[in-house]
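Residues per chain are reported as follows:
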Amino acid sequence: AHYMPGQLSLESTSPEHLHVVLSGDWLLQDSPAPATDIAQRLQAGSGIRRISFDGKALAEWDSGLLTFLARIYQLAGNNDIEIDPGGLPDGARRMLALATAVPPKEDTGSHGDDVKMFERIGVIALAMWRHAPEMLRFLGEVTQSLGRVVRGRAQFRTADLMLVIQDVGPQALPIVALISFLVGLIVAYMGAVQLAQFGAQIYIANLVGLGMTREMGALMTGIIMAGRTGAAYAAQLGTMQVNEEIDAFRTMGFNPIDFLVMPRMLALVLVMPLMVLYSDIVGITAGMFVSVTAFEISTYEYYQQTVRAMEWRHIWVGVFKGTVYGMLIAFAGCLRGMQCGRSAQAVGEATTSAVVTSILLIVIAASLLTILFQQLGI
């Protein structure tokens, strides 16, 4: 067949009528003519109120023609101009009807600069205000469930609790050990560089020991658990929400808070103190490694200096902080999971929100507890 590239001609049968004649092959690979000429005619203030088409001379066409026509439809819509698609091929008319049947959602895509900074802050503040009652209600349900656990009337299985403890405890030891060791190395090197100026390298043991036990051990363990366990809680409960399993629990007479939330919260609260102690030991060992290998301090000297610097109150402060962080992580992860919507996208959003909320709560709690303990002299 003879090939002829797509051509376009414009005819004005009246001052208010623009007739578009299309001919040849309109294929995307051939870069069809843009709608520039038509845009200029419409923007010239010529009073055009109607556009019609003549496609009798069209040969082959694909999405290149549809892209061109979609641009004309957009220009016509912006200028309140009527479109008469009667002269177009049947296939093109049907596809354009599908494309223009549903208007685009206004809350998707790029918003540009229309939404100002203060408007965004206001939207976030309103969302937090709306979600506050739901968070308080969930906290109340968890408190009631904890009361039933104490009385031995909670609807959950001990086997589920043991399974969750294994997942959040022993299986998390490798990543906690790695991060704690690296943090101990960093703290030791940073302190040693400054202490070496005064010949006080032995006090690396004090710095690493107190830093890990009071702050860094609990904080790093909390952040690791937020990214690992908090996200897992939200994803698990969110997926159950999507699959309507939580609704099935309610239908069968099981309390989802007792059966699903409480084992996860208890597991993390029980495991976190042990994980914090483990993190402290690994971090102190890392400081010992730096001192012995880089600053010629013997293992015995480092051990003795650590024992002299450490007191039980420092250890209990770190363990208490870690327990609080565990409560916050479990609360945020289970809350976002139970709030999850009914789609795969909602599960991802719930998981992301759980991690962000957990880390935010941990940082706020760390600041408040540090100030509190300093004021109390602990």
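Draft legend 1. A look at the side chain of Asp-160. One can find Asp-160 in helix α5 (residues 158-168). You can call Asp-160 buried: its relative accessible area is 17%.

Draft legend 2. The sheet that holds strand β4 (residues 82-84), seen in detail. Pairing within the open sheet is mixed, and its four strands lie in the order β1-β2-β3-β4. Unpaired on one side and paired on the other, β1 (7-14) and β4 mark the two borders of the sheet. Put simply, the sheet's adjacent strands are angled 20 degrees from each other on average, direction ignored. Seen against the sheet, helix α2 (residues 63-78) touches β1, β2 (17-26), β3 (50-61) and β4 and runs at an angle of roughly 175 degrees to β3.

Draft legend 3. Expanded view of the pairing of β3. When β2 meets β3, the two strands line up parallel, connected through eight bridges. The residue of β3 that forms the bridge with Val-20 is Phe-53. Note: β3 against β4, three bridges, orientation parallel. Residue pairing across strands places Arg-50 opposite Glu-82, the latter belonging to β4. For the handedness criterion, the β-α-β arrangement of β3, α2 and β4 is classed as right-handed.

Draft legend 4. Fine view of helix α6 (residues 173-195). Given a rise of 1.5 Å per residue, 23 residues ought to cover 33 Å, and the 32 Å separating the end C-alpha atoms of α6 matches this to within 8%. All of the buried residues along α6 are Val-176, Ala-177, Ser-180, Val-183, Gly-184, Leu-185, Val-187, Ala-188, Gly-191 and Ala-192. Those residues of α6 that are buried are in contact with α7 (204-242) and α9 (256-294).

Draft legend 5. Focus on the packing of helix α4 (residues 117-151) against helix α11 (residues 312-338). Put simply, α4 and α11 touch, their axes get as near as 11 Å, and they point 115 degrees apart. The pairing of α4 with α11 is recorded here as roughly perpendicular in orientation. Handedness of the α4/α11 crossing: right-handed. Facing Met-135, Phe-138 and Leu-139 of α4, the residues of α11 in contact are Phe-331, Cys-334, Leu-335 and Met-338. By residue class, the composition of the contact of α4 with α11 is seven nonpolar, no polar and no charged.

Draft legend 6. Region of interest: the pairing of β2. Extensive coverage of β2 is indicated by the burial of 10 of its 10 residues. Judged from the six bridges that link them, β1 and β2 form a sheet pairing that is antiparallel. Its bridge partner being in β2, Gln-7 is matched across the sheet by Ser-23. Hairpin geometry of β1 and β2 is characterised by an intervening segment of two residues between the two adjacent antiparallel strands.

Draft legend 7. The arrangement of the confidence of the model for the chain in detail. Here the chain averages 85 in pLDDT, and 93% of its residues register 70 or above. Taken element by element, the predicted model of the chain shows its lowest mean pLDDT in helix α1 (residues 36-43) (73) and its highest in α11 (93).

Draft legend 8. Focus on the packing of α7 against helix α10 (residues 299-309). Between α7 and α10, whose axes approach to 8 Å, the crossing angle comes to 55 degrees. As far as their axial angle goes, α10 and α7 are oblique. Our pair here, α7 against α10, has a crossing hand that is right-handed. Counted together, Ile-204, Ala-205, Asn-206, Val-208 and Leu-210 of α7 and Tyr-302, Gln-305, Thr-306 and Ala-309 of α10 form the full contact between these two elements. When grouped by side-chain class, the residues that make up the contact of α7 with α10 number six nonpolar, three polar and no charged.

Draft legend 9. Structural detail: a nonpolar patch on the surface. Together, Met-117, Phe-118 and Ile-121 line one region of the surface with nonpolar side chains, adding up to about 370 Å² of accessible area. Relative to the elements of secondary structure, Phe-118 occurs in helix α4. The exposed category is assigned to Phe-118, whose relative accessible area is 65%.

Basis of the calculations
Residues numbered from 1 in each chain as written. Predicted model: local features only at pLDDT ≥ 70, side-chain atom pairs only at ≥ 80, totals over all residues. Heavy atoms only, no water. Helix = DSSP H or I, 4+ residues; strand = E, 2+ residues; numbered from the N terminus. Buried < 20%, exposed > 50% of the residue type's maximum accessible area, 1.4 Å probe, protein only. Pairing = 2+ DSSP bridges. Axes fitted to C-alpha atoms, helices over the stretch in contact; angles between N-to-C directions. Contact = heavy atoms within 4.5 Å. Right-handed = clockwise from strand over helix to strand, strands pointing away. Expected span 1.5 Å × (residues − 1). Parallel < 35°, antiparallel > 145°, perpendicular 65-115°, else oblique. Left-handed = near helix turned anticlockwise from the far one by under 90°. Nonpolar A, V, L, I, M, F, W, Y, C, P; charged D, E, K, R; others polar. pLDDT = per-residue confidence, 0-100. Patch = residues over 30% accessible without salt bridge, like charges linked within 9 Å, V, L, I, M, F, W, Y side chains within 5 Å. Areas by Shrake-Rupley, 256 points an atom, 1.4 Å probe, with all protein chains shown as cover. Salt bridge = Lys/Arg side-chain N within 4 Å of Asp/Glu carboxyl O.

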